[in-house]
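Observations on the model geometry
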Amino acid sequence: MIDSLYLAWRYICFNRIKTITLIACISLITFLPLALKALLSASEHQLMSRAITTPLLVGAKGNALDLVMNSLYFSTETPDFINMKVVNKIINSNLAQPIPLYIRFHAKEYPIIGTTIDYFEFRKRQLASGRYFALLGECVIGADVANLLQLKKGDSLLSSPENLFDLAGTYPLKMNITGVLKKTNSADDKAIFVDLKTTWVIQGLGHGHQDIRIIKDPSAILARSKNILTASEKIKQYTEINKNNLASFHFHGDQSIYPLTAIIAEPFDAKSATLLRGRFLTEHENIQIVRPKEVIDELLGTIFKIKNFFDAIVLIVAIAMILAIFLVFSLSLRLRQKEINTIFHLGCSRGIIVQLIAAEIFIIGLFSGLLCLLALFILGHFQEQIVYKLFIS
Amino acid sequence: MPFYPPSTLHKQLHSLLCACLCASNANKNSAPVVKLISGILLPQQGRILINNVSVNSLSDASRRDFRITNIGFIFQNFELLDYLDAFDNILHPYRISNALKLTSEIRNRANALAHELGIQNKLKQPSSTLSQGEQQRTAICRALLSKPKIILADEATGNLDPTNKTKILEALFHCTDKNNATLIAVTHDHELLSHFDRVIDFKDYCPTETPND
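Things to note about helix H7 (residues 196–203) of chain A
Residue and element names in this part refer to chain A. In terms of residue burial, H7 counts as a mostly covered element, since six of its eight residues are buried. The opening residue of H7 is Asp-195, an N-cap whose side-chain oxygen sits 3.0 Å from the backbone nitrogen of Lys-197. Just downstream of H7 lies Gly-204, where phi reads positive at about 105 degrees.

Below, the structure written as structure tokens:
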């Protein structure tokens, strides 16, 4: 057998282009269904694991999938806003614990999640280092953010403007990192968590600036009446929150109408969940309450329908490819007929001739298998990112 | 067209240089005699004895083993494998049969034969890059490696120029003699006949009319 393998190897080396083409074809046709299966399995796992642990989600009426994807996986598609009044209603109902979410801003491509400390307890997240945010302008970062941006407790991170061309838009806010979360292989690894109020500061609803009562430059004051001072644009607005300027930060207007993207509602029991859903369905025209699992089930159903269709296409292509490979081998045998006749004349047995062909097929199969495994290994390495790009972002 | 072998062919051929002369219809007549001697074809009548072994009474597998161990083939078109280098072509019979075992002794012998035929510097070259003379020398080395009792040369010099033809024949005669083998050369080249101990002209044994033709 070793001699047959040797001769087959020499033949393969001599006919490199034909062999490489064959190996590429076989690898590709084997890789495609396996890769699809692996990606779908990973997407199912990634999507479903968070959906199952999130009992109810409250958000603005509209696309339920956008709401779930934004709230659970921090996708870039921001749903319509609701306000803090809805949070108060859930609290007053005594049916569930609300965890507000405001997911709109980014820092270096990573989403800034405005929420409360309850989020970490709800998701059972633990700190790898530092502490949770306690003051305005503080943030806790996910493990991947820390790793990829080389950040640690004590460093700072600047929020990105929503639109580069929005020159009159919000100022970027320098956030102080107080802690890094342990890696969980979830969307939380690639997120930056801040207090809800910090996101409102990023939006410009709250801000800090020089105290205009003690400012000496007269051109900084536009108008002065008994109780009202009107400042000009000369007043310095802070872009970083620290101990010295923390007290100057304040919010304008009614905070109960400040925006949110969603609320995770954690009902106290099954009955409370049903009651809460009922109330939102009947009382609020502009608000929807969804079970994330049902939404993700629906999404996966669609994905698997597409997968079945894709499987059928791959099967047809595979059959065509196998026929083509069979044709290549039979043509190759025809081309080698002279060689077969020669070795037959020399005294080679039929068994050895079969062995020579089998050895060639074995080597091509082996290399195709190895190439396929290598491709699957590389896919496995980037699986998380691919699933995120394909199904989440 | 049926072929009736010459009655003289049944006589024992030992350490002889025998030329089977074929005229215009060389291939038609030479092919059967080569195939009969080597056991590729079986005779309808009579038997073929080589070293007291009745070739036609052997099984198919045994005939193949007998062929590869006792008969060395030299073809008109050399029939070297283009994906192997000259050395691997010489060793090729040892890689395609369980009857022959490839050992270091065989490798040394292959090297010695190559040296003897003057292709020792060409052994690592792909066979397709060799000249015709070098290719035929490689084919002779392949035929002689297993020390066969019979060497069947089917138009072995048919594709060679006159200079190479003479050189190859000298080398072939020398090696045959050294290995104490019998060379049966099928040819239609009358110029070669004087070099052979015995000449059988097939023209004399092909009937003009055949019973069942």
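With respect to the nonpolar core
In this structure, Ile-50, Phe-73, Ile-74, Ile-90, Ile-96, Leu-145 and Leu-152 of chain B are the most contacted members of the largest nonpolar core, which totals 70 residues. Broken down by element, this core gets its largest block of residues, six residues, from helix H6 (residues 162–178) of chain B. Not counting residues within four places of it along the chain, the set of residues in contact with Leu-145 of chain B comprises Ile-90, Leu-91, Tyr-94, Ile-106, Arg-109, Ala-110 and Leu-113 of chain B. Within the second largest apolar cluster, 44 residues are counted, among which are Val-87, Val-201, Ile-202 and Tyr-258 of chain A.

Brief notes about the packing of helix H1 (residues 2–14) of chain A against helix H3 (residues 86–95) of chain B
Each packed pair of helices is defined by two parameters, the angle between the axes and the distance between the axes. Between H1 of chain A and H3 of chain B, the shortest axis-to-axis distance is 10 Å and the interhelical angle comes to 140 degrees. In terms of orientation, H1 of chain A and H3 of chain B fall into the oblique class. The two elements H1 of chain A and H3 of chain B meet at a crossing, and its hand is left-handed. Of the residues in H3 of chain B, those in contact with Asp-3, Tyr-6, Leu-7 and Arg-10 of chain A of H1 of chain A are Asp-88, His-92, Tyr-94 and Arg-95 of chain B.

Examining the interface of chain B and chain A
Between chain B and chain A, the contact holds 21 residues from the first and 20 residues from the second. Both sides together, the interface formed by chain B and chain A hides about 2200 Å², and carbon and sulfur atoms give 61% of it. In this assembly, chain B and chain A are joined by four salt bridges. Of the charged contacts in the structure, one is a salt bridge between Asp-3 of chain A and Arg-95 of chain B, with a shortest N-O distance of 3.3 Å.

A short note on the pairing of strand S3 (residues 96–107) of chain A
Residues and elements named next belong to chain A. S3 sits mainly inside the fold: 10 of its 12 residues count as buried. Where S3 lies against strand S15 (residues 262–267), six bridges are found, and the strand directions are antiparallel. Bridged to Gln-97 within S15 is Glu-266. By the bridge criterion, five bridges tie S3 to strand S4 (residues 110–115) in an arrangement that is antiparallel. Each residue of the ladder has a partner; that of Ala-107, found in S4, is Tyr-110.

Some remarks on the confidence of the model for chain B
Reading predicted coordinates in detail is not appropriate for stretches of low pLDDT. Residues and elements named next belong to chain B. On average, residues of chain B score 77 in pLDDT, and 80% of them are at 70 or above. Here residues 7–15 scores under 50 on pLDDT; set against residues more than four positions off or in separate chains, the count is 15 contacts. Taken together, the stretch residues 24–28 has pLDDT below 50 and engages in four contacts with residues farther than four places along the chain or on a different chain.

Some thoughts on the packing of aromatic side chains
Counting across every chain of the model gives 12 aromatic pairs over all chains. Taking the centre distance of 5.8 Å and the plane angle of 70 degrees together, the rings of Phe-81 of chain A and Tyr-102 of chain A count as edge-to-face. Here Phe-81 of chain A, found in the loop between helix H3 (64–73) and strand S2 (82–83), pairs with Tyr-102 of chain A, found in strand S3; they are 21 residues apart in sequence, far enough to count as distant. The exposure class of Tyr-102 of chain A is buried, given its relative accessible area of 0%. Taking the centre distance of 5.3 Å and the plane angle of 70 degrees together, the rings of Phe-120 of chain A and Phe-193 of chain A count as edge-to-face. With a gap of 73 residues between them, Phe-120 of chain A in helix H5 (residues 118–122) and Phe-193 of chain A in strand S9 (residues 192–195) connect regions that are remote in the sequence. Here Phe-120 of chain A matches Phe-193 of chain A in class, with each residue buried. Among the aromatic residues, ring-to-ring pairing joins Phe-74, Tyr-119, Phe-120, Tyr-132, Phe-133 and Phe-193 of chain A into one connected group. Arg-336 of chain A extends its terminal NZ or CZ atom over the ring of Tyr-11 of chain A, reaching a point 3.6 Å from the ring centre. It is Arg-67 of chain B that lies over the ring of Phe-344 of chain A; its NZ or CZ is 5.4 Å from the centre.

Quick look at helix H4 (residues 104–116) of chain B
Each α-helix turn comprises 3.6 residues. Residues three or four places apart therefore point the same way. Residue and element names in this part refer to chain B. With 13 residues, H4 should cover 18 Å at 1.5 Å per step; its first-to-last C-alpha distance of 18 Å lies within 8% of that length. For H4, every residue scored as buried is listed here: Ile-106, Arg-109, Ala-110, Leu-113 and Ala-114. Each buried residue of H4 lies within a common arc of 140 degrees when the element is viewed along its axis, so the set occupies one face. Counted as exposed and oriented over 90 degrees from the buried face of H4: Ser-104, Glu-105, Asn-108 and His-115. Packing partners of the buried residues in H4 comprise H3 and helix H5 (132–144).

Quick notes on the rules
- Residues numbered from 1 in each chain as written.
- Chains lettered and ligands numbered in written order.
- Predicted model: local features only at pLDDT ≥ 70, side-chain atom pairs only at ≥ 80, totals over all residues.
- Heavy atoms only, no water.
- Buried < 20%, exposed > 50% of the residue type's maximum accessible area, 1.4 Å probe, protein only.
- Helix = DSSP H or I, 4+ residues; strand = E, 2+ residues; numbered from the N terminus.
- Polar contact = N/O pair within 3.5 Å; in protein donor to acceptor, adjacent residues only side chain to side chain.
- Core = buried A, V, L, I, M, F, W, Y, C linked by side-chain atoms within 4.5 Å.
- Contact = heavy atoms within 4.5 Å.
- Axes fitted to C-alpha atoms, helices over the stretch in contact; angles between N-to-C directions.
- Parallel < 35°, antiparallel > 145°, perpendicular 65-115°, else oblique.
- Left-handed = near helix turned anticlockwise from the far one by under 90°.
- Buried area = accessible area lost by both parts, 1.4 Å probe.
- Salt bridge = Lys/Arg side-chain N within 4 Å of Asp/Glu carboxyl O.
- Pairing = 2+ DSSP bridges.
- pLDDT = per-residue confidence, 0-100.
- Phe/Tyr/Trp six-rings, centres within 6.5 Å; stacked < 30°, edge-to-face > 60°.
- Lys NZ or Arg CZ within 6 Å of the ring centre and 35° of its normal.
- Expected span 1.5 Å × (residues − 1).
- Arc of directions from axis to C-beta.

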